[in-house]
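Topology and contacts: notes
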Amino acid sequence: YMLARGAVSQGPTEVVRLMQRSQKKPQVLYFCLAAIAKFELHETEMGLCSKEATACILQTLKTLNKYPKIPALVAQSLVALVSLADNYANRSVILKEEWCRLVVAAINNLTTESQEVIVHHADGNEKVVVRTATRQSCDIAANGLRLFGVFACDPKLREEFADDAIKCSLRSSIHFSG
């Protein structure tokens, strides 16, 4: 946490450097992703994605690709991507990368937690298993679908991502209702 705070005080470029040095430390990556989500990275005067924003996008996608089985990192990566995708210039860089496959994979790996509950009846006790979605699964689904929504705002891209977005929406709906 303190490493990430130190990097944040020096700006997005230092956060990306810290992420590159800490590829085997998921805890550090988590706090760096949280910082990236909070940065307000603007486009250049020419309306293009800045070098800082590009580095943040690429490092976020690299982390998402490297740690697809750590729900907290996946969720925080998607939060950062949604934040970065709010800017049109940043969206153009994200579009050039393989973000859609990563989001679909994340939503396909949503998890639940089980808890045994004993229900007391007049006839006796009954064990019931209650399954609920994890907090990270909720974040993954919400931000993954938000990312599809951001790209669907552009009529030219709507058709390109519609099939994946609908499948992910249905998968999330089934996951949370069942």
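Keep in mind that this is a model prediction, so the values were computed, not measured.

Bridge count between strand E1 (residues 112-121) and strand E2 (residues 124-133): ten bridges; the pairing is antiparallel. In the sheet register, Glu 116 faces E2, and the bridge partner there is Val 129. Linkage of E1 to E2, two consecutive antiparallel strands, is achieved through a turn of two residues.

What the rule picks out here adds up to five aromatic pairs. Judged by centre distance (5.5 Å) and plane angle (85°), the rings of Tyr 30 and Phe 31 are edge-to-face. What makes Tyr 30 partly exposed here is its relative accessible area of 30%. Here Phe 31 falls in the partly exposed class, since its relative accessible area comes to 31%. Measuring from centroid to centroid gives 4.9 Å for Trp 99 and Phe 161, while their planes differ by 55°, and the two rings are tilted. With Trp 99 in helix H7 (residues 99-108) and Phe 161 in helix H9 (residues 155-177), this pair connects stretches of sequence that are 62 residues apart. Neither Trp 99 nor Phe 161 differs from the other in exposure class; each is buried. Among the aromatic residues, those joined into a ring-pair cluster are Trp 99, Phe 148, Phe 151 and Phe 161.

Grouped burial of nonpolar side chains is what soluble globular proteins tend to show. Counting 51 residues, the largest nonpolar core has Leu 78, Trp 99, Ile 140, Leu 147 and Phe 148 as the members making the most contacts within it. When contributions to this core are tallied by element, the ones reaching two or more residues are helix H2 (12-21), helix H3 (26-38), helix H4 (51-66), helix H5 (71-85), helix H6 (88-96), H7, helix H8 (135-152) and H9. With nine residues, H5 is the single largest residue contributor to this core. In this view, Leu 147 contacts Leu 81, Val 82, Ala 85, Trp 99 and Val 103; residues no more than four positions away in its chain are not counted.

With that out of the way, let us pick up the packing of H7 against H8. Contact geometry of H7 with H8 gives a least axis separation of 9 Å together with a crossing angle of 150°. One finds that H7 runs roughly antiparallel with respect to H8. Between H7 and H8 lies a crossing of left-handed hand. Across from Trp 99, Cys 100, Val 103, Val 104, Ala 106 and Ile 107 in H7, the residues of H8 making contact are Ile 140, Ala 141, Gly 144, Leu 145, Leu 147, Phe 148 and Phe 151. Here the residues of the contact of H7 with H8 are counted per class, giving twelve nonpolar, one polar and no charged.

Look at H8: 26 Å from first C-alpha to last across 18 residues, which is about the 26 Å you get at 1.5 Å a residue. Within H8, burial applies to Ser 137, Ile 140, Ala 141, Asn 143, Gly 144, Leu 147, Phe 148, Val 150 and Phe 151.

Quick notes on the rules
Residues numbered from 1 in each chain as written. Predicted model: local features only at pLDDT ≥ 70, side-chain atom pairs only at ≥ 80, totals over all residues. Heavy atoms only, no water. Pairing = 2+ DSSP bridges. Helix = DSSP H or I, 4+ residues; strand = E, 2+ residues; numbered from the N terminus. Phe/Tyr/Trp six-rings, centres within 6.5 Å; stacked < 30°, edge-to-face > 60°. Buried < 20%, exposed > 50% of the residue type's maximum accessible area, 1.4 Å probe, protein only. Core = buried A, V, L, I, M, F, W, Y, C linked by side-chain atoms within 4.5 Å. Contact = heavy atoms within 4.5 Å. Axes fitted to C-alpha atoms, helices over the stretch in contact; angles between N-to-C directions. Parallel < 35°, antiparallel > 145°, perpendicular 65-115°, else oblique. Left-handed = near helix turned anticlockwise from the far one by under 90°. Nonpolar A, V, L, I, M, F, W, Y, C, P; charged D, E, K, R; others polar. Expected span 1.5 Å × (residues − 1).

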